[in-house]
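As a plain string of letters, each chain reads:
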Amino acid sequence: MNSLEREMLNDVDALEVRDVYREGINQSLETYDQLRLNGLACGLSICLGRISGRGEEARSQYQGWLKSLDGPYAPRTYAFMDAEYETDGPIREFRVVFSTDPGANALVTDGVMP
């Protein structure tokens, strides 16, 4: 994510993509009081993000949030992948990768989540 963030900071279009998706994600998270967006980095066709929350309630709310991504007001994604990471203590981190480009509607990975 750090590499994409550095690239994004030098690309006005990527910053605009990030701003649009950050606003949409934050709006979609408003009904989930245990979750917050902790970081989002975007290029022109892909974004990487971190959402965190506290305890089991966060996991439950995250699952609800994922379902809401199919809704008409959710930020549009063309491919989506996520993974949950446990941290020391009660905080849970959910990492997401998604495409913002209709021409990039699949994600291929080596199994290592950023």
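All of the points below concern the structure found in this document. (Residues numbered from 1 in each chain as written. Predicted model: local features only at pLDDT ≥ 70, side-chain atom pairs only at ≥ 80, totals over all residues. Heavy atoms only, no water.)

Before going further, it helps to spend a moment on the overall build of the chain. Tallying secondary structure elements over the chain gives three helices and four strands in all. The secondary structure elements of the chain, listed N-terminal to C-terminal, are α-α-β-β-α-β-β. The globule rule puts the C-alpha radius of gyration for 114 residues at 13 Å, and the 14 Å found for the chain is close to it. When its C-alpha atoms are laid out on the principal axes, the chain stretches across 35 × 30 × 25 Å. A total of 114 residues make up the chain; the buried ones form 39% of that total. Once local pairs closer than 6 in sequence are excluded, the contacts in the chain between residues at least 24 apart make up 57%. Here the chain displays about 6,900 Å² of accessible surface, and carbon together with sulfur accounts for 47% of that area. Within the chain, one finds 11 positive and 19 negative side-chain charges whose respective centroids are separated by 4 Å. (Helix = DSSP H or I, 4+ residues; strand = E, 2+ residues; numbered from the N terminus. Rg over C-alpha atoms; globule rule 2.2 N^0.38 Å. Buried < 20%, exposed > 50% of the residue type's maximum accessible area, 1.4 Å probe, protein only. Contact = heavy atoms within 4.5 Å. Areas by Shrake-Rupley, 256 points an atom, 1.4 Å probe, with all protein chains shown as cover. Lys, Arg positive; Asp, Glu negative; His and termini not counted. Charge placed at Lys NZ, Arg CZ, Asp CG, Glu CD.)

Moving on: the state of the cysteines. Tallying each qualifying case throughout the model produces one disulfide. Put simply, Cys-42 and Cys-47 are joined by a disulfide, and their sulfur atoms are 2.0 Å apart. Because the torsion about its S-S bond is 110 degrees, the bridge between Cys-42 and Cys-47 counts as right-handed. Here the two residues Cys-42 and Cys-47 agree in accessibility, since each one is buried. (Disulfide = S-S within 2.5 Å.)

Attention now goes to the nonpolar core. Nonpolar side chains in soluble globular proteins tend to be buried together. Formed by 20 residues in total, the largest nonpolar core has its most connected members in Ile-25, Leu-35, Leu-40, Ile-51, Tyr-62, Trp-65 and Phe-98. At the level of elements, helix 2 (12-29), strand 1 (35-42), strand 2 (46-54), helix 3 (55-68) and strand 4 (91-99) are the ones that each hand at least two residues to this core. The residues contacting Phe-98, other than those within four sequence positions of it, are Tyr-21, Ile-25, Leu-40, Ser-45, Ile-46, Cys-47, Thr-77, Ala-79, Phe-80 and Leu-107. Residues Leu-4, Ala-41, Leu-48 and Val-97 belong to the second largest nonpolar core, which totals five residues. (Core = buried A, V, L, I, M, F, W, Y, C linked by side-chain atoms within 4.5 Å.)

Another point: helix 3. Over its 14 residues, helix 3 extends 20 Å from the first C-alpha to the last, a length consistent with the 20 Å expected when each residue adds 1.5 Å. Those residues of helix 3 not exposed but buried are Gly-55, Ala-58, Gln-61, Tyr-62, Trp-65 and Leu-66. Buried residues of helix 3 fall within an arc of 150 degrees about the axis and therefore sit on the same side. Packed against the buried residues of helix 3 are helix 2, strand 1, strand 2, strand 3 (79-86) and strand 4. (Expected span 1.5 Å × (residues − 1). Arc of directions from axis to C-beta.)

This part is about empty space enclosed by the protein. A water-sized probe rolled over the atoms picks out the places where empty space is left. Counting across every chain of the model gives one cavity of 30 Å³ or more. Estimates place the volume of the largest cavity at around 50 Å³. In this structure, the largest cavity is lined by Tyr-21, Ile-25, Trp-65, Leu-69, Pro-75, Thr-77, Phe-80 and Phe-98. (1 Å grid on protein atoms, 1.4 Å probe; cavity = no way out; pocket = protein on both sides within 12 Å on 5 of 7 lines; lining within 4 Å. Points joined across faces, edges and corners; volume = space filled by probe spheres on them.)

What follows deals with the side chain of Glu-93. Inspection of the secondary structure assignment puts Glu-93 in strand 4. Side chain to side chain, Glu-93 and Arg-95 meet in a polar contact 2.7 Å long. (Polar contact = N/O pair within 3.5 Å; in protein donor to acceptor, adjacent residues only side chain to side chain.)

Everything listed here is a matter of geometry and, on its own, says nothing about what the molecule does.
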